[in-house]
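Structural description and commentary
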Amino acid sequence: MDLTIRERVAGFDPAAFWQKAPGREQWRSMVAKYEALDAAAKLSEGPRGADYKLALADLASRWPGGLREGELIGPARVAKRLRAASAGLAQPERPRADWPDEAARAVLCWAELHDLIRDQLAFRRALSPGLAPSTEAFAAWTQAAARTPRWPDPARLPAIVGAKLRVRGAYLWLAARSGLDLPSLNGLLLARAGHWDRRPDDPSWAHSP
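Residues numbered from 1 in each chain as written. Predicted model: local features only at pLDDT ≥ 70, side-chain atom pairs only at ≥ 80, totals over all residues. Heavy atoms only, no water.

The next point concerns the packing of helix α2 (residues 24-44) against helix α4 (residues 66-90). It is at 8 Å that the axes of α2 and α4 come closest, and there the two elements cross at 135°. Considering the angle they form, α2 stands oblique to α4. Handedness of the α2/α4 crossing: left-handed. Judged by residue contacts, R24, W27, R28, M30, V31, K33, Y34, E35, L37 and D38 of α2 engage G66, E69, G70, V78, R81, L82, A84, A85, S86, G88 and L89 from α4. (Axes fitted to C-alpha atoms, helices over the stretch in contact; angles between N-to-C directions. Helix = DSSP H or I, 4+ residues; strand = E, 2+ residues; numbered from the N terminus. Parallel < 35°, antiparallel > 145°, perpendicular 65-115°, else oblique. Left-handed = near helix turned anticlockwise from the far one by under 90°. Contact = heavy atoms within 4.5 Å.)

This is the structure we're talking about:
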């Protein structure tokens, strides 16, 4: 896959993202995820009983977005990504840029995306009842909760991803930081193109070649 990486949002240098090492915890989490996806696929081959349902519920709660990934990429790519995650766990301080193959880059981007979505979910749980979640309120929360390494310069969130807090904002934020346009990022994550690649309210920078 040909990925064009360049600055798409002023002040967001993709090199800062790719030169950083993900660290042991992200790699370990990815090994566990792809092992779980592989196990769930094997359970699906037989009668889909309580064990299968529990496996899916665990996947959905631990790695938001992971079920969709597993359904779309298929067992062969799950196995490739498991091997890539295992290799990464053996060298956790190696910069993201030093993992050029497609499977490893998909794993690296998923590792970051899972954390971004988890932050959004944690914010929604912490929100007072009756209050509508906004990107501006989420930006303030990320600073107070010391989550700014994943959300650098969070005050810019509304301008970059929109005023409404939504899961797509996590994809857009990752696209901005990684220097990928949104269709390329989705293609890397999900190994195919689809209706999710473009929406009318997406910012223009997310679709420029």
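Back to the write-up after that little detour.
Attention now moves to α4. With 25 residues, α4 ought to run about 36 Å at 1.5 Å a step, yet its terminal C-alpha atoms sit only 22 Å apart, falling short of that. Along its length, α4 shows its largest kink, about 110°, at G74, and proline P75 lies within four residues downstream of that point. Of all the positions in α4, only G66, E69, G70, L72, I73, G74, V78, R81, L82, A84, A85 and G88 are classed as buried. Residues of α4 that are buried sit in contact with α2, α5 (102-126) and α9 (182-190). (Expected span 1.5 Å × (residues − 1). Bend = angle between axes of the 7 residues up to and from the residue. Buried < 20%, exposed > 50% of the residue type's maximum accessible area, 1.4 Å probe, protein only.)

Let's shift gears to the side chain of H207. The residue H207 is located in the segment after α9 in this model. Within the structure, the side chain of H207 is placed 2.9 Å from the side chain of D202, a separation counted as a polar contact. Once residues within four sequence positions are removed from consideration, H207 is found in contact with D181, L182, P183, D197, R198 and D202. (Polar contact = N/O pair within 3.5 Å; in protein donor to acceptor, adjacent residues only side chain to side chain.)

This paragraph deals with a positive patch on the surface. On the surface, R77, K80, R83 and R192 cluster together into a patch of positive charge. Among the structural elements, R192 can be located in the segment after α9. Overall, R192 belongs to the partly exposed group, its relative accessible area being 40%. (Patch = residues over 30% accessible without salt bridge, like charges linked within 9 Å, V, L, I, M, F, W, Y side chains within 5 Å. Areas by Shrake-Rupley, 256 points an atom, 1.4 Å probe, with all protein chains shown as cover. Salt bridge = Lys/Arg side-chain N within 4 Å of Asp/Glu carboxyl O. Lys, Arg positive; Asp, Glu negative; His and termini not counted. Charge placed at Lys NZ, Arg CZ, Asp CG, Glu CD.)

Right, let's talk about the packing of aromatic side chains for a bit. In this structure the tally under the stated criterion is 8 aromatic pairs. For the ring pair F17 and W18, a centre distance of 5.1 Å and an interplane angle of 90° mean the geometry is edge-to-face. Exposure remark for F17: the relative accessible area of 1% places this residue in the buried category. The exposure class assigned to W18 is buried, which follows from its relative accessible area of 5%. It is R105 that lies over the ring of W18; its NZ or CZ is 4.6 Å from the centre. (Phe/Tyr/Trp six-rings, centres within 6.5 Å; stacked < 30°, edge-to-face > 60°. Lys NZ or Arg CZ within 6 Å of the ring centre and 35° of its normal.)

Here we come to the pattern of salt bridges. Side chains that differ in sign of charge can pair as their charged atoms come close. Tallied over the full model, the rule gives 13 salt bridges. Among the ionic pairs, R8 bridges to D181, the shortest N-O distance being 3.9 Å. Taken together, the positions of R8 in the segment before α1 (14-18) and D181 in the loop between α8 (167-178) and α9 put the pair 173 residues apart, joining distant regions of the chain. The two residues R8 and D181 agree in class, both being buried. Linked through salt bridges whose partners overlap, the residues forming this network are K33, E69 and R81.

Here we come to the packing of α5 against α8. The contact between α5 and α8 brings their axes to 9 Å, and the two run at 135°. Taken together, the axis directions place α5 and α8 in an arrangement best described as oblique. In this structure, the crossing between α5 and α8 has a hand that is right-handed. Touching C109, W110, E112, L113, L116, I117 and Q120 of α5 are V167, G169, A170, Y171, W173, L174 and R177, all from α8. For the contact of α5 with α8, the residue count by class is 10 nonpolar, 2 polar and 2 charged. (Nonpolar A, V, L, I, M, F, W, Y, C, P; charged D, E, K, R; others polar.)

Time to look at unusual backbone geometry. Phi angles above zero are rare outside glycine, and A146 is one such case at about 60°. The residue A146 is located in the loop between α6 (135-144) and α7 (157-161) in this model. By relative accessible area, A146 is classed as exposed at 60%. Even without glycine at this site, A191 takes up a positive phi of about 60°.

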